[in-house]
Amino acid sequence: MKKILIFAAVALFAACNSKKTETKVEPAKTGGEQTGQTINSPYQVLYSSNFMMGDPKNAETILTLWKDWDGGNLSAHKEMFADSLELHLADGTMMHSIRDSVIAGAQAYRNSFESSVSEVHAVMATK
């Protein structure tokens, strides 16, 4: 019992250090450059940690396509897709081809469900 109490006390003491960690803050930039904060990450960031607000129209496009998925008609706004695309579905299936082929395959997958109901809690377009 004493060993457990000693271990718990050491763990608590180690967790309660008063060492401050600093975050680098870059000054705001103008023009088309990024603004915001740079973080000192203890992990290797594989893509980027410098995101900024994007065009809200992009979020509207995604929500419109998402609504088409729920409604079961993926062709309703097919002009919003590029000429060729890659689609990753929830079951791990990946499709990569021209737009019409991918939409037809995704429509067949969607048709395998009786219905789809989504609930969106937050939307934010980022770059």
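Bear in mind the structure is a predicted one, so any value in this text is a computation, not a measurement. (Residues numbered from 1 in each chain as written. Predicted model: local features only at pLDDT ≥ 70, side-chain atom pairs only at ≥ 80, totals over all residues. Heavy atoms only, no water.)

## Topic: the confidence of the model for the protein chain
Summary statistics for the protein chain give a mean pLDDT of 79 and a share of 70% for residues scoring 70 or more. Within the protein chain, helix α2 (residues 56–71) carries the highest mean pLDDT (95), whereas helix α1 (residues 2–15) carries the lowest (52). Counting interchain partners and residues more than four positions distant, the pLDDT-below-50 stretch residues 23–33 has twelve contacts. (pLDDT = per-residue confidence, 0-100. Helix = DSSP H or I, 4+ residues; strand = E, 2+ residues; numbered from the N terminus. Contact = heavy atoms within 4.5 Å.)

## With respect to the nonpolar core
Membership of the largest hydrophobic core is limited to eight residues, which are Leu74, Leu85, Leu89, Met95, Val102, Ile103, Ala106 and Tyr109. No other element matches helix α3 (residues 99–111), which puts four residues into this core. In this view, Leu85 contacts Met95, His96, Ser97, Arg99 and Val102; residues no more than four positions away in its chain are not counted. (Core = buried A, V, L, I, M, F, W, Y, C linked by side-chain atoms within 4.5 Å. Buried < 20%, exposed > 50% of the residue type's maximum accessible area, 1.4 Å probe, protein only.)

## Looking at α3
Since one α-helical turn is 3.6 residues long, residues separated by three or four positions face the same way. When the terminal C-alpha atoms of α3 are compared, their 18 Å separation across 13 residues agrees well with the 18 Å that a helix rising 1.5 Å per residue should span. Close packing links the buried residues of α3 with α2, β1 (84–88) and β2 (94–98). (Expected span 1.5 Å × (residues − 1).)

## What to know about the pattern of salt bridges
Taken as a whole and judged by the stated rule, the model has two salt bridges. Lys78 is the partner of Asp100 in a salt bridge, and the nearest nitrogen-oxygen pair spans 3.3 Å. Of the two residues, Asp100 sits in helix α3 while Lys78 sits in the loop between α2 and β1, which places them 22 residues apart along the sequence. For Asp100, a relative accessible area of 42% gives the class partly exposed. On the accessibility criterion, Lys78 (33% relative accessible area) is partly exposed. (Salt bridge = Lys/Arg side-chain N within 4 Å of Asp/Glu carboxyl O.)

## Describing the packing of aromatic side chains
Summed over the entire model, instances satisfying the criterion amount to two aromatic pairs. Ring geometry for Tyr109 versus Phe113: centroids 5.1 Å apart, planes at 85 degrees, classification edge-to-face. With a relative accessible area of 36%, Phe113 lands in the partly exposed category. Joined through ring pairs, the aromatic side chains of Trp69, Tyr109 and Phe113 make up one cluster. (Phe/Tyr/Trp six-rings, centres within 6.5 Å; stacked < 30°, edge-to-face > 60°.)

## Points about the side chain of Arg110
Mapped onto the fold, Arg110 is located in helix α3. Despite being buried, Arg110 has no salt bridge partner; Asp70 is the closest side chain of opposite charge, sitting 5.9 Å away. Within the structure, the side chain of Arg110 is placed 2.6 Å from the backbone oxygen of Trp69, a separation counted as a polar contact. Dropping the residues within four chain positions of it, Arg110 is found in contact with Trp69, Asp70, Gly71, Gly72, Ser115 and Ser116. (Lys, Arg positive; Asp, Glu negative; His and termini not counted. Polar contact = N/O pair within 3.5 Å; in protein donor to acceptor, adjacent residues only side chain to side chain.)

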